[in-house]
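Coordinates in review
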Amino acid sequence: MNNLEELITDINRFEAIIANWDESQRCVAVGLKSAIEALHKAALTNLIKSLKKENISALRQAVDDEIVYAVLLYHDLVKPPLSERIQTALAEVRPSLQSHQGDIELVAIKLPDTVEVKLIGSCSNCATSTLTLTQGVEQAIKKYCPEITKVVAVNNSSTVSSNSTAISTDLYWVKAATLDQIIENRIFAVRVNNHDVILCKQGDNISCYRNSCSHLGFPLDKGKVDKGIITCSAHEFQYELKTGECLTVPDISLHSIEVKVKHDNVYIKVAN
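First, a word on what this report is: a plain description of the structure on this page. Predicted model, so just to flag it, every value in this text is computed and none were measured.

**Points about the overall build of the protein chain**
A tally of helices and strands in the protein chain yields six helices and 13 strands. Split into buried and exposed, the 272 residues of the protein chain put 34% on the buried side. By sequence separation, contacts in the protein chain at least 24 residues apart represent 51% of the contacts at least 6 residues apart.

**Regarding the state of the cysteines**
Here the structure, examined in full by the defined rule, presents zero disulfides. Here C246 is not disulfide-linked; the sulfur of C213 is the nearest cysteine sulfur, at 7.1 Å. By relative accessible area, which is 2% here, C246 ends up buried.

**Re the sheet that holds strand 10 (residues 229-231)**
Sheet architecture is open: three strands sit in the order 9-10-11, paired in antiparallel fashion. Sheet topology places strand 9 (224-226) and strand 11 (238-240) at the edges, where each strand pairs with a single neighbour. Mean inter-strand twist for the sheet, computed between neighbouring axes without regard to direction, equals 25°. In this sheet, strand 10 lies alongside strand 9 in antiparallel orientation, the contact comprising three bridges. Across the sheet, residue K224 finds its bridge partner in strand 10, namely T231.

**Observations concerning the nonpolar core**
Among the nonpolar cores identified, the biggest contains 22 residues, and I187, L220, I230, F237 and Y239 are the most heavily contacted of them. At the level of secondary structure, the elements contributing two or more residues to this core comprise helix 3 (56-63) and strand 7 (195-202). Once you skip the residues sitting within four places of it in the chain, I187 turns out to touch I198, L199, C200, D221, V225, I230 and L241. Within the second largest apolar cluster, 16 residues are counted, among which are L82, L90, I104 and V115.

**With respect to a nonpolar patch on the surface**
Taken together, the side chains of F14, I17 and W21 make up a nonpolar region of the molecular surface, amounting to roughly 290 Å² of accessible area. Inspection of the secondary structure assignment puts I17 in helix 1 (residues 4-19).

**Notes on the environment of E138**
Tracing the backbone through its elements, the reader meets E138 in helix 6 (residues 129-144). Judged by its relative accessible area of 10%, E138 falls in the buried class.

**So, the packing of helix 2 (residues 23-54) against helix 4 (residues 66-74)**
When two helices pack together, their arrangement is given by the angle between the helix axes and by the axis-to-axis distance. Between helix 2 and helix 4, whose axes approach to 10 Å, the crossing angle comes to 115°. One way to sum up the angle between helix 2 and helix 4 is to call them roughly perpendicular. Note that helix 2 runs across helix 4; the crossing there is left-handed. Listed contacts from helix 4 to K33, E37, L44 and I48 of helix 2 are V71, L72 and Y74. When grouped by side-chain class, the residues that make up the contact of helix 2 with helix 4 number five nonpolar, no polar and two charged.

**Some words on the sheet that holds strand 7**
Within the open sheet, the three strands sit side by side as 6-7-8. Their pairing is antiparallel. Two strands lie at the open edges of the sheet, namely strand 6 (188-192) and strand 8 (205-210), each paired on one side alone. The sheet shows a mean angle of 30° between the axes of neighbouring strands, taken without regard to direction. As paired elements, strand 7 and strand 8 share six bridges and run antiparallel to each other. The partner of I198 across the bridge, within strand 8, is Y209.

**Looking at the packing of aromatic side chains**
Applying the stated criterion to the full structure yields zero aromatic pairs. R13 extends its terminal NZ or CZ atom over the ring of F14, reaching a point 4.6 Å from the ring centre.

**Points about the pattern of salt bridges**
Under the counting rule described, the total for this entry stands at 10 salt bridges. We note a salt bridge from K33 to E37, for which the minimum N-O separation is 2.9 Å. Note that K33 and E37 are positioned in helix 2 at a spacing of four residues, about one turn of the helix. Relative accessible area serves as the criterion here: at 37%, K33 is assigned to the partly exposed category. E138 is paired through a salt bridge with K142; the nearest N and O atoms lie 2.8 Å apart. Of this pair, E138 and K142 are both found in helix 6, four residues apart, which corresponds to roughly one turn of the helix.

**Thoughts on the side chain of E147**
When you line up the elements, E147 lands in the loop between helix 6 and strand 3 (150-153). With a relative accessible area of 10%, E147 lands in the buried category. Looking at E147, its side chain comes within polar contact range of the side chain of R85, at 2.8 Å. Not counting the four nearest positions on each side in its chain, E147 is found in contact with K79, L82, R85, P112, D113, R210, S214 and H255.

What counts and what doesn't
- Residues numbered from 1 in each chain as written.
- Predicted model: local features only at pLDDT ≥ 70, side-chain atom pairs only at ≥ 80, totals over all residues.
- Heavy atoms only, no water.
- Helix = DSSP H or I, 4+ residues; strand = E, 2+ residues; numbered from the N terminus.
- Buried < 20%, exposed > 50% of the residue type's maximum accessible area, 1.4 Å probe, protein only.
- Contact = heavy atoms within 4.5 Å.
- Disulfide = S-S within 2.5 Å.
- Pairing = 2+ DSSP bridges.
- Axes fitted to C-alpha atoms, helices over the stretch in contact; angles between N-to-C directions.
- Core = buried A, V, L, I, M, F, W, Y, C linked by side-chain atoms within 4.5 Å.
- Patch = residues over 30% accessible without salt bridge, like charges linked within 9 Å, V, L, I, M, F, W, Y side chains within 5 Å.
- Areas by Shrake-Rupley, 256 points an atom, 1.4 Å probe, with all protein chains shown as cover.
- Salt bridge = Lys/Arg side-chain N within 4 Å of Asp/Glu carboxyl O.
- Parallel < 35°, antiparallel > 145°, perpendicular 65-115°, else oblique.
- Left-handed = near helix turned anticlockwise from the far one by under 90°.
- Nonpolar A, V, L, I, M, F, W, Y, C, P; charged D, E, K, R; others polar.
- Phe/Tyr/Trp six-rings, centres within 6.5 Å; stacked < 30°, edge-to-face > 60°.
- Lys NZ or Arg CZ within 6 Å of the ring centre and 35° of its normal.
- Polar contact = N/O pair within 3.5 Å; in protein donor to acceptor, adjacent residues only side chain to side chain.

Structure follows, in structure tokens:
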């Protein structure tokens, strides 16, 4: 049985051959390739739908296979690993830092929502380092990794200290809705202090999450809710609303936000 590396080598070999053909021949080959890929993506999408309904554990087990994962990743049916997406974000801001004799490196990923980074070179003691993190690094990481909400700068010993710069600000309880606005098996979407969130109710339990699918960050409020499970309208990733757990791919749960109810009002804990 061929492994992933051998299969990719074969593909690259044929692509190199096609690159030497004349334009009309290349167009035919590329058109055929695109048609086959579209067919495969449609088949895989339908297969994932069936497995999610009938045997979610089998789907999770299948995604653990490197060849299956590689093909799903190629068709944008799963996200790249979190570490890879973070490195992509850092690579985006690195040229700007290097132009000022600085740089940045990833220190740690602390699931479910925190990344630790270290500014090095001139950026480590620059008076505008906090601004650099807030407007550059944090924005880039959140663009590629919507499940990350905290980006923390650590000192030169690569450990968090009391003087570390945390981009996240203090959290406060803010009113988000009244109890009568949140209906069983429906999503209530609201913007609170520049945070887009969804609220949902199952029995006496009220949950709150960022209005962002953990797959590619699409809004969840247009998704379909059935039996306590929400399905993203973009790529049909499913989440358990009571826990935020992703039922399609493990380890990419929704970002949960703390909730409390007082005098028929629903409050959530967010940054100002």
